[in-house]
Amino acid sequence: MGGESRYPLVPVGEILRSDPSNGFSPKEVAEWTGLLSLGLGCLTKSGFLSRQLKRVPDSAYARRFLLSDGDLLLSRANTRELVGLVGIYRDVGNPCIYPDLMMRLIPNDIVCLPSYLELVLGSATVRRELQAGARGTSESMVKISASLVQSLRVPLPSIAEQRKIVNAHAVVEQRIAALDQVRAKLRVIQRGVVEGLLGGRDYLP
């Protein structure tokens, strides 16, 4: 990770409990089997969203890739713009696996909080490193290797400092969400004003 940091820079591979592991992509089926799989679109620039869930055949092998609430996922294949998106999985109410186009990262939570690693991997600097290191014959589908992820050097403050950073980020996100709601309401009012003016009605603020 480029730039100056007040914290020691540590390779991601040194703060994981195990090597990054790719998921499994069985063929989607129409009938309900009791098992779901994430679609690649579940990882967004805003983190994990429970969308694009797919019904897949249930099997003992598929269940080796079951997700638990709080698992950290990274998209290892996508367009150059979208590859390397990261998010923390949140339970979707049914057993769910992750696809081969994603990898699961399991931080050693004694030294690194999953929520902190999510923030770092989603930062602009690390995203650029991942995008630059992705390989493929077409820009419409490039891939990130586990070794690339493990070699990334990221700032690693103490657990207490990580919690402060995560909490501060959450406060900012809440403020942004509140402002977005206000902006949406103002847009509704704006449309009403414009429609009123076009309809020849007087508008009094």
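Structure: see above.
Throughout what follows, the structure given in this document is the object of discussion. (Residues numbered from 1 in each chain as written. Predicted model: local features only at pLDDT ≥ 70, side-chain atom pairs only at ≥ 80, totals over all residues. Heavy atoms only, no water.)

Details of the packing of aromatic side chains
Right, on to step 1. Inspection of the entire model under this criterion finds 5 aromatic pairs.
Right, on to step 2. With a centroid separation of 5.6 Å and an interplanar angle of 25°, the aromatic rings of F24 and F65 are classed as stacked. With F24 in the loop between β2 (21–22) and β3 (36–37) and F65 in the loop between β6 (54–55) and β7 (72–75), this pair connects stretches of sequence that are 41 residues apart.
Right, on to step 3. Ring plane angle 65° and centroid distance 5.4 Å describe the contact between Y61 and F65, whose orientation is recorded as edge-to-face.
Right, on to step 4. The class of Y61 is partly exposed, set by a relative accessible area of 41%.
Right, on to step 5. When its relative accessible area of 11% is taken as the criterion, F65 is described as buried.
Right, on to step 6. In this structure an aromatic cluster arises from ring pairing among F24, Y61, F65 and Y98. (Phe/Tyr/Trp six-rings, centres within 6.5 Å; stacked < 30°, edge-to-face > 60°. Helix = DSSP H or I, 4+ residues; strand = E, 2+ residues; numbered from the N terminus. Buried < 20%, exposed > 50% of the residue type's maximum accessible area, 1.4 Å probe, protein only.)

Let's talk about the layout of surface pockets
Right, on to step 1. Considered as a void within the structure, the largest pocket measures approximately 530 Å³ in volume.
Right, on to step 2. If you trace the largest pocket, you find 18 residues lining it, with S46, G47, E118, L119 and H169 closest to the centre.
Right, on to step 3. For the lining of the largest pocket, the secondary-structure elements that each account for two or more residues are β5 (47–48), β9 (86–88), α1 (114–121) and α4 (159–198).
Right, on to step 4. A total of 4 residues in the lining of the largest pocket trace back to one element, the largest contributor, which is α4.
Right, on to step 5. Along the lines of polarity and charge, the residues of the lining of the largest pocket split into 7 nonpolar, 6 polar and 5 charged. (1 Å grid on protein atoms, 1.4 Å probe; cavity = no way out; pocket = protein on both sides within 12 Å on 5 of 7 lines; lining within 4 Å. Points joined across faces, edges and corners; volume = space filled by probe spheres on them. Nonpolar A, V, L, I, M, F, W, Y, C, P; charged D, E, K, R; others polar.)

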